[in-house]
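What the coordinates show
Here are the chains, one letter per residue:
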Amino acid sequence: MNAIVFERYGPPDVLQMREITKPEPQIGEILIQIQATTVTAGDWRMRKADPFLARLFNGLWRPKRVRILGFELAGVVEATGRGVTRFKPGDAVFAACGTEFGAYADYKCMPETNCVALKPENMTFEEAAAVPVGALTALQFLRKGNIRRGSRVLIYGASGSVGTYAVQLARFFGAEVTGVCSTSNVELVRSLGAERVIDYSKERLEADGPAYDLIFDTVGKSPFHACVKRLAPNGFYLQAYQVSPLSIIRGKWVTWTSNKKVLGGSVIENVEDLSYLKEIIESGALRSVIDRRYPLEQAAEAHRFVEQGHKKGNVVLSVKACPKGGDGAALFGGNPEVGQK
Ligand SMILES: NC(=O)c1ccc[n+]([C@@H]2O[C@H](COP(=O)([O-])OP(=O)(O)OC[C@H]3O[C@@H](n4cnc5c(N)ncnc54)[C@H](OP(=O)(O)O)[C@@H]3O)[C@@H](O)[C@H]2O)c1
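One structure accompanies this document, and this report is about it. These figures come from a predicted structure and were not determined experimentally. (Residues numbered from 1 in each chain as written. Predicted model: local features only at pLDDT ≥ 70, side-chain atom pairs only at ≥ 80, totals over all residues. Heavy atoms only, no water.)

**A short note on the overall build of the protein**
Note the cut-off: Secondary structure elements follow DSSP: runs of H or I no shorter than four residues count as helices, runs of E no shorter than two count as strands, and numbering proceeds from the N terminus. Note on classification: 1.4 Å probe, protein chains only; a residue is buried when its accessible area is under 20% of the maximum for its type, exposed when over 50%, partly exposed between these limits. Any two residues having at least one pair of non-hydrogen atoms within 4.5 Å are treated as being in contact. The accessible surface values rely on the Shrake-Rupley method and a 1.4 Å probe; as for residues, cover is taken only from the protein chains in view. When charges are counted, Lys and Arg are positive and Asp and Glu negative, with His and the chain ends excluded. Lysine's charge is taken at NZ, arginine's at CZ, aspartate's at CG and glutamate's at CD.
Each helix and strand in the protein was counted, giving 10 helices and 15 strands. Along the three orthogonal principal directions, the C-alpha set of the protein runs to about 60 × 45 × 40 Å. Taken over 341 residues, the protein has a buried fraction of 55%. Long-range pairs, those at least 24 residues apart, make up 70% of the contacts in the protein between residues at least 6 apart in sequence. Carbon and sulfur atoms make up 52% of the accessible area of the protein, which amounts to about 15,300 Å² in all. The distance from the centre of the 43 positive side-chain charges to the centre of the 36 negative ones in the protein is 5 Å.

Here's what the structure looks like:
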């Protein structure tokens with residue numbers, strides 16, 4: 001089978017297409033024929049070993065544990081190992097691969113007990129492949145922030161992957177949503193349900209102004225002191241991005257010394273939340289925003305684009321021409337587009 005392999009840390013060109021052995025499902029595993037995967041921040045960071053500490057996980061001098069990137073996928077179960085009960089060949093599924101990565105390939109095996117569920121029926125493979133990382137992160141952070149009906153929520157990076165899902169989920173939970181993005185994304189963020197949009201290229205978030213119960217920074221661009229000031233009593237300031245040690249101390253200090261909480265953390269891939277997202281998607285309340293699509297062999301090109309930090313929603317790698325219900329015909333046009341259902 002084909003896979004995009006990286007054998008050294010570095011720029012996008014370290015991603016090379018290779019022919020490797022097709023895996024076989026072991027006891028309790030399913031073999032997924034991958035239709036689509038994505039380029040997430042986790043992928044390009046692992047490729048570059050950024051931060052340096054990533055090398056402690058994946059090999060000091062060269063990638064050892066993970067040599068095939070791809071954090072999430074959608075595809076079709078081709079075969080099942082002994083003892084598998086949740087899936088059968090032919091099932092369309094979507095999944096988070098976790099720190100094992102491995103979705104930049106034609107096939108991947110994973111235990112059926114991992115974070116894998118039947119694909120939402122109203123999504124294409126490409127749309128479904130983008131859900132696990134961004135939407136699970138958004139869901140879990142909003143819950144951490146005790147989101148409820150009527151919560152006043154501010155979302156920084158509302159046009160990114162985590163942000164586009166967060167805006168929609170916050171609305172789903174009945175919150176009043178303000179999104180922060182640049183001029184070219186104002187209409188997109190509004191279309192996802194934000195009642196108010198702050199254009200960061202024209203307006204700064206000041207310390208004075210209406211209070212928020214929850215400020216969710218998905219991209220690490222919010223002004224710390226202004227955000228803390230704008231939090232209502234018992235409010236939450238949520239940070240989904242990689243935070244420096246100094247910022248961790250600053251956040252802890254606010255949490256310990258006030259009635260406001262600053263929280264970070266990592267997404268926990270679990271099938272219960274993924275299945276819950278499937279239900280929300282099938283109810284029509286959540287969709288994926290796709291910025292660009294690339295064929296798998298252009299993974300390096302896709303990485304180059306995503307690393308610039310300005311994608312709208314998600315960037316998809318199409319592994320196979322999508323079968324029934326997919327959007328194979330539109331795959332390789334090469335033009336940036338925002339695919340909205
Ligand atoms: N904690 C976890 O477990 C977890 C899980 C997944 C992801 N993450 C992290 O979450 C972060 C976000 O990932 P993502 O994929 O959602 O990001 P992304 O899609 O790459 O974010 C890009 C978006 O951010 C917007 N943006 C850039 N500068 C901005 C600013 N000053 N104010 C507001 N928006 C701005 C860009 O809009 P413009 O083009 O208009 O500037 C673009 O739409 C990453 O750091 C990732 O590592 C963490």
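**Some remarks on the layout of surface pockets**
Heads up, the condition is: Using protein atoms alone on a 1 Å grid, points that fit a 1.4 Å probe yet trap it form a cavity, whereas open point sets bounded by protein on both sides within 12 Å along at least five of seven lines form a pocket; residues with an atom within 4 Å of a point count as lining. Grid points are joined across faces, edges and corners, and a volume is the space filled by probe spheres set on the points. Side-chain classes follow a simple rule in which Ala, Val, Leu, Ile, Met, Phe, Trp, Tyr, Cys and Pro form the nonpolar group, Asp, Glu, Lys and Arg form the charged group, and the remainder, Gly included, forms the polar group.
Here the second largest pocket is characterised by a volume of approximately 260 Å³. Contributing to the lining of the second largest pocket are 15 residues, with Ile-68, Glu-100, Gly-102, Lys-108 and Cys-109 lying nearest its centre. Sort the elements by how many residues they give to the lining of the second largest pocket and strand S6 (residues 107-111) lands first, with three residues. A breakdown of the residues in the lining of the second largest pocket according to their chemical character gives nine nonpolar, two polar and four charged.

**Looking at the side chain of Lys-278**
Position of Lys-278 among the secondary structure elements: in helix H9 (residues 271-282). The class of Lys-278 is buried, set by a relative accessible area of 17%.

**Some remarks on the nonpolar core**
One recurring pattern in soluble globular proteins is that nonpolar side chains are buried together. Condition: By nonpolar core we mean a set of buried residues, namely Ala, Val, Leu, Ile, Met, Phe, Trp, Tyr and Cys, connected to one another through side-chain atoms within 4.5 Å.
Of all hydrophobic cores here, the largest spans 52 residues; its most connected members are Ile-155, Leu-169 and Phe-216. Leave out the neighbours within four places in its chain, and Phe-216 touches Thr-137, Ala-138, Phe-141, Leu-142, Leu-154, Ile-155, Tyr-156, Val-162, Ala-166, Leu-238 and Ala-240.

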